[in-house]
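These are the residues of each chain, in order.
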Amino acid sequence: MTQPLKIANRTFQSRLFTGTGKFSSTTVMEDALLASGSELVTVALKRVEHQQGANDGLLESLNHPQIHLLPNTSGVRTAKEAIYAAELAREALETNWLKLEIHPDPKYLMPDPIETLRAAEELVKLGFIVLPYCHADPVLCKHLEAVGVAAVMPLGAPIGSNQGLTTCAMLEIIIQQSSIPVVIDAGIGKPSHAAQAMEMGADAVLINTALATAPDPTMMAIAFKQAVEAGRIAYESGLSPIINNASASSPLTSFLNTL
Amino acid sequence: MLFTEHFSHYNWDKEQRSIYAKTEQDVLGALNRQTRGYEDFKALISPAAIPFLEQMAQLSQQETQKRFGKTIQLYAPLYLSNECQNICTYCGFSLDNKIPRKTLTAVELLQEIAAIKDMGYQHVLLVTGEAQQQVGMDYFKRMLPFIKNHFAHIAMEVQPLDEEDYITLRKLGVHTILVYQETYHQEDYKLHHPKGKKSNFNYRLETPDRIGRAGIHKIGLGALLGLDDWRTDSAFTALHLQYLEKHYWQSKFSISFPRLRPHVGGLEPKTVINDAELVQLICAWRIFNRDVELSMSTRESKTFRDHIVKLGITSISAGSKTNPGGYAVEPQSLEQFEIDDNRSPAEIAAMIKAAGYDPVWKDWDPALQFV
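Our focus in this paragraph is the overall build of chain B. Each helix and strand counted, chain B has 16 helices and 9 strands in total. Overall, chain B is about 60 × 45 × 45 Å in size when its C-alpha atoms are taken along their principal axes. When the 371 residues of chain B are sorted by exposure, 52% land in the buried category. Within chain B, contacts between residues separated by at least 24 positions form 77% of all contacts whose residues are at least 6 apart in sequence.

Before going further, it helps to examine the confidence of the model for chain B. Confidence in the prediction of chain B, expressed as mean pLDDT, is 91, and 97% of residues score 70 or more. With pTM at 0.85, the complex prediction returns an ipTM value of 0.70.

A few words now on the pairing of strand 5 (residues 218-221) of chain B. Residue and element names in this part refer to chain B. Pairing of strand 4 (residues 176-178) with strand 5, which is carried by 3 bridges, proceeds in the parallel orientation. Residue pairing for strand 5: leucine 178 is matched across the bridge by glycine 220. Regarding topology, helix 13 (residues 230-247) serves as the crossover connection from strand 5 to the parallel strand 6 (residues 252-256), and that connection is right-handed.

Turning our attention to the packing of helix 3 (residues 79-93) of chain A against helix 4 (residues 113-125) of chain A. All names here are of chain A. The contact between helix 3 and helix 4 brings their axes to 8 Å, and the two run at 40°. On the basis of the axis angle, helix 3 is oblique to helix 4. With respect to the hand of their crossing, helix 3 and helix 4 are arranged in right-handed fashion. Counted together, Ala79, Ala82, Ile83 and Ala86 of helix 3 and Glu115, Arg118, Ala119, Glu122 and Leu123 of helix 4 form the full contact between these two elements. Residue classes in the contact of helix 3 with helix 4 are distributed as 6 nonpolar, no polar and 3 charged.

With 7 of 10 residues buried, helix 7 (residues 191-200) of chain A lies mostly within the body of the structure. Within helix 7 of chain A, the full set of buried residues consists of Pro191(A), His193(A), Ala194(A), Ala195(A), Gln196(A), Ala197(A) and Met198(A).

Turning to the interface of chain A and chain B, a few remarks are in order. The partner chain B presents 24 residues to the 26 residues of chain A that form the contact. Mapped onto the side of chain A that touches chain B, the elements with two or more residues apiece are helix 3 and helix 8 (209-212) of chain A. The greatest single-element share of the side of chain A that touches chain B, amounting to 5 residues, is contributed by helix 3 of chain A.

Conventions adopted
- Residues numbered from 1 in each chain as written.
- Chains lettered and ligands numbered in written order.
- Predicted model: local features only at pLDDT ≥ 70, side-chain atom pairs only at ≥ 80, totals over all residues.
- Helix = DSSP H or I, 4+ residues; strand = E, 2+ residues; numbered from the N terminus.
- Buried ≥ 20, exposed ≤ 12 C-beta atoms within 10 Å, placed from the backbone.
- Contact = placed C-beta atoms within 7 Å.
- pLDDT = per-residue confidence, 0-100.
- Pairing = 2+ DSSP bridges.
- Right-handed = clockwise from strand over helix to strand, strands pointing away.
- Axes fitted to C-alpha atoms, helices over the stretch in contact; angles between N-to-C directions.
- Parallel < 35°, antiparallel > 145°, perpendicular 65-115°, else oblique.
- Left-handed = near helix turned anticlockwise from the far one by under 90°.
- Nonpolar A, V, L, I, M, F, W, Y, C, P; charged D, E, K, R; others polar.

This is the structure we're talking about:
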């Protein structure tokens, strides 16, 4: 019903991207992700068993033809560490797609703009499809675009906070200026936030905490799926403009017609 | 500035009085605030908060699930040595205890590693006493390369070291360092640590600063609950954490809850922290600080641990042996402290699952720690 989303060489029917952390079990996670219809699922390298002979239940549960893996570098603090981790992730998960996350601050997990830009430039040269997690900073997003990332992933609010689009004014500018897909990542706490992001023209959203910590993650996944679809349809079909002032029933200037 | 300077502005007796003077109103204020400070923490650990325990538990569970999800991290302690030059009045490894002393050789270490890995562990906590000759930096430098290849995450709970040593350990793959102050009561600290390097209160108090300056990823704090008034010691630990979070913003922090319990022939605790109070303390920590990791050892009973995993704890050990060689080399030797919960890691993992949580065996990767 809506236009498919193209990032790099891949086309997505679903604009709902998901994460794999915080779920109460891999079975609960698998059920929720399948219900969400998500086709791009991010996995932290730190959670992956990549040693020879190791059996990884997490990866097994994500082994579905429609699901593409997006390894992330969560845990690194510098560009150097990110590049090293990315090389390992590419080999271990057999994909050159990468969600670049560099947060030297483990408390709020705030992305480091300087190191992220530095790493993105290098990783693009190394042949990665880079999707950087970044601040809702319009200038930074343009810089990232210039070094060749495949999409930008600005935050809606601090990660895991469920606060919604607290960076709304900046996100609007990013969406307006960007010539690559904009994926709103972090802070989306409920389906209405996701719908709001999509109505604004975001190309996709990434949801993790709001699904994983919901009392019923599968039902919440369905709710997010529908919200993302509704928001996108609304965006594509065109929203009616917001009218701030009521039209006066006795216009002040109507006397001009009588002159 | 180091923590010792910040600490010098506080007085034990004054803090203690202020905790015990907290009222129901203070507790309600602490529960209802969005952002909580040190005074709120004091209210939450005060006797005035005891009637609010259920409310605190609900709030703690909510905050924990929001930040950490429905997951519990598993780790195993690996005792490298029970050699110790310190006298600590409460510890089984104390110099004046006439027990057989042992330090693992490389071959023994590999046997212990194999046994721990067989149980499924990827996160290991290395523990020693304080004996510079037998288990100083030279020993660590020799042994860490063996350990590094086998685990995703290495934590250490050893004697306080200098900043350069912590940098070396980080480069050797150590991710987390735990150093407990035991007590923040300066005079009583001296009574309990009359001999050895550990008797230097300030050197120990400044240890987390040195760890932070060395860029260690995670720093563990704690007080030995019961050695002195547990409430006041916990308040000082909170003060310490607040200071460290501001100064070493790139490090994560964890809090542990070792409690001293009355037992025949052992040191009588000055104050006994009972089960309900320990729950109160754990919940107070979570409500005070949403991001700090809270860790629970096998010192606690089966029933207590079964319930506490839902109340704010983020990591637990299981199947622990607290004697060097305890897993494979010399299972019968004397332990540092008695284990209460003897269940195997598989049984603990099953318990975690039954509680609706995912037991996490791997949550770090050496690849992320580029040095």
